[in-house]
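Structure assessment
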Amino acid sequence: MEKIAAYLEENRQRNQDDLFELLRMASVSTDSQYESEVRRAGEWVADQFRGLGFETELVETKGHPIVYAESPPVENAPVVLVYGHYDVQPPDPLDEWITPPFEPTERDGNVVARGATDDKGQMLTHIKSAQAWMESEGALPIQIKYVIEGEEECGSSNLDPFLQDYKERLNADIAVISDTSQFAKGQPAITYGLKGIVYFELYLEGPKQDLHSGTFGGGVSNPVNAITQMLGQLVDQHGRIQIPGFYDDVVELEAREREQFASLPFSEEEFKSKLGIEAVHGEQGFTTLERRWARPTCDINGIWGGYQGEGAKTVLPARAGAKFSCRLVPCQDPDKIREGVEQMLESLLPPGLKMELVHHHGAPGVVVSLDSPYMAAAAEAIEKGFGTKPVFIREGGSIPVVTAFRELLGIDTLLLGWGLDDDNTHSPNEKFSLDDYYRGTRASAHLWQELSKITRD
Ligand code: BES
Ligand code: ZN
């Protein structure tokens, strides 16, 4: 590994320049005005693989292309499937960026740009580590298959058909994803659990147009009153979710896991001060880490209706709407939760209003096995790459492909996050530590070595 370590040190600037080049491409997948930039980023990633001599395809889909590449097979060594995404979230609100989102800038040891941590910087570590192997050793010690998609930020709707089509070729022993976070600065982590999600949009319609609230108030259901009453009942004041059957299948935290969470150096004071809040709040009977990582939640993501302009307007609005979602834990069934939500809202709908409930994406929560030689190899690689042993954590975000890999390919995923909770993912001034980009690449290079020591059964 010395040659590889030296190679990574010598090429530190070049690898950074490459990341900056990718970050200059505005690959916003949700917005069709960026379509050519999304494709350019996909082609750039494909070119990286071609440069390494890997068999590479830019697979066309109904949406943005998927980059598929594989390094040469290695007899008796495990096969690893790396997943990442080259698309990014929209940069809005633009005026809150200190420097423009697609002009990557180095500030305080970080690169600041949309996609820096989610997921261009993290994803690229697994390409740069392979490059280090190829250019210093001439070959990798294992076979790596890469799936780098361009639609993660808009629901990955074309990924499942691709996984079905390529099922045989994707055959692997373990998957690796870097799209999560470390526990804290200087404390790397392996994430062994993620939440699932169900997402809804609710529309209420009352009278055919806005009305005078004095003339008609008292005689007509107000859609904005109704939507606040209905959604307000989803969660009680103790943080317990009131959707029928919601907790039926929840896997409760075990004492051992609660002890392990409690042993992590989490400071509630620091957490509050970073977020600018005076108190934490959530489901009674659980700590903040337990609630964030392993308890289901329900949040309104957006709500609208009625008069928003200057001054007072005495109006009884004709319609109201909201977006809301539940984060799920194993073994809650997204379909069952959807039915519960529909049933509850229908029963709460006041007379005289029409309701439409739109269901968006859904995915179950996952926990991966801590007890595998792959996990041990990942812990070893992180210790070698970062100089610190990782801690084992769960997180509250969702990566639906982890379940797809398990169900379709029968494999688990190693979630090796190089990011930080305060990287401003999906927000203005997204950042990624350049030291962690370097250390992540080093850990990834060690991972290929550590995994190659595992004999296939
Ligand atoms: N990188 C995140 C997932 C994530 C976030 C993992 C925080 C751990 C902690 C990913 O890109 C993402 O944003 N996922 C969405 C999934 C959804 C749109 C299906 C999420 O969690 O909101
Ligand atoms: Zn994301």
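Above this note sits the structure.
Criteria and thresholds
Residues numbered from 1 in each chain as written. Chains lettered and ligands numbered in written order. Predicted model: local features only at pLDDT ≥ 70, side-chain atom pairs only at ≥ 80, totals over all residues. Heavy atoms only, no water. Pairing = 2+ DSSP bridges. Helix = DSSP H or I, 4+ residues; strand = E, 2+ residues; numbered from the N terminus. Axes fitted to C-alpha atoms, helices over the stretch in contact; angles between N-to-C directions. Salt bridge = Lys/Arg side-chain N within 4 Å of Asp/Glu carboxyl O. Buried < 20%, exposed > 50% of the residue type's maximum accessible area, 1.4 Å probe, protein only. Donors = N, O, S within 2.8 Å, 3.2 Å for Na, K, Ca; no water.

A look at the sheet that holds strand S18 (residues 431–433)
- Ordered by their spatial adjacency, three strands build an open sheet running S4-S5-S18, and the pairing between neighbours is antiparallel. Only two strands of the sheet have a single neighbouring strand rather than two, namely strand S4 (105–107) and S18. Averaged over all adjacent pairs, the angle separating strand axes in this sheet is 30°, with direction ignored.
- In this sheet, strand S5 (residues 110–112) lies alongside S4 in antiparallel orientation, the contact comprising three bridges. What sits directly across from Glu 106, in S5, is Val 111.

Description of the pattern of salt bridges
- By the definition in use, this model includes 31 salt bridges.
- Two residues, Glu 135 and Arg 14, come together in a salt bridge whose shortest N-O distance is 3.6 Å. A residue pair is termed long-range when its members are at least 10 positions apart, and Glu 135 in helix H4 (residues 116–137) and Arg 14 in helix H2 (residues 12–23) qualify at 121 residues.
- On the basis of relative accessibility, which here comes to 43%, the residue Glu 135 falls in the partly exposed class.
- In this structure, Lys 384 and Glu 380 form a salt bridge, with 3.6 Å as the shortest nitrogen-oxygen distance. Remark: Glu 380 and Lys 384 occur in helix H12 (residues 373–386); sequence separation between them is four residues, near one turn of the helix.

Observations regarding the side chain of Thr 441
- When you line up the elements, Thr 441 lands in helix H14 (residues 434–452).
- Here Thr 441 falls in the buried class, since its relative accessible area comes to 3%.

Let's talk about the pairing of strand S7 (residues 174–177)
- Along S7, one buried face is formed by Ile 174 and Val 176 and the opposite face, lined by Ala 175 and Ile 177, is buried too.
- Judged from the four bridges that link them, strand S3 (residues 79–85) and S7 form a sheet pairing that is parallel. If you follow Leu 81 over to S7, its bridge partner there is Ala 175.
- As judged from the three bridges shared by S7 and strand S17 (residues 413–415), these two strands associate in the parallel manner. Note on S17: the bridge partner recorded for Ala 175 is Thr 413.

Examining the coordination of the zinc ion (ligand 2)
- Protein coordination at the zinc ion (ligand 2) comes from Asp 118 (OD), Glu 153 (OE) and His 426 (NE2), with a distance range of 2.2 to 2.5 Å.
- Summarised as a motif, the one-chain spacing of the donors to the zinc ion (ligand 2) is D-x34-E-x272-H. Placement of the pair is Glu 153 in the loop between strand S6 (143–149) and helix H5 (159–165) and His 426 in the loop between S17 and S18, with a sequence separation of 273 residues.
- Residue Glu 153 is classed as buried on the basis of its relative accessible area of 11%.
- What makes His 426 partly exposed here is its relative accessible area of 40%.

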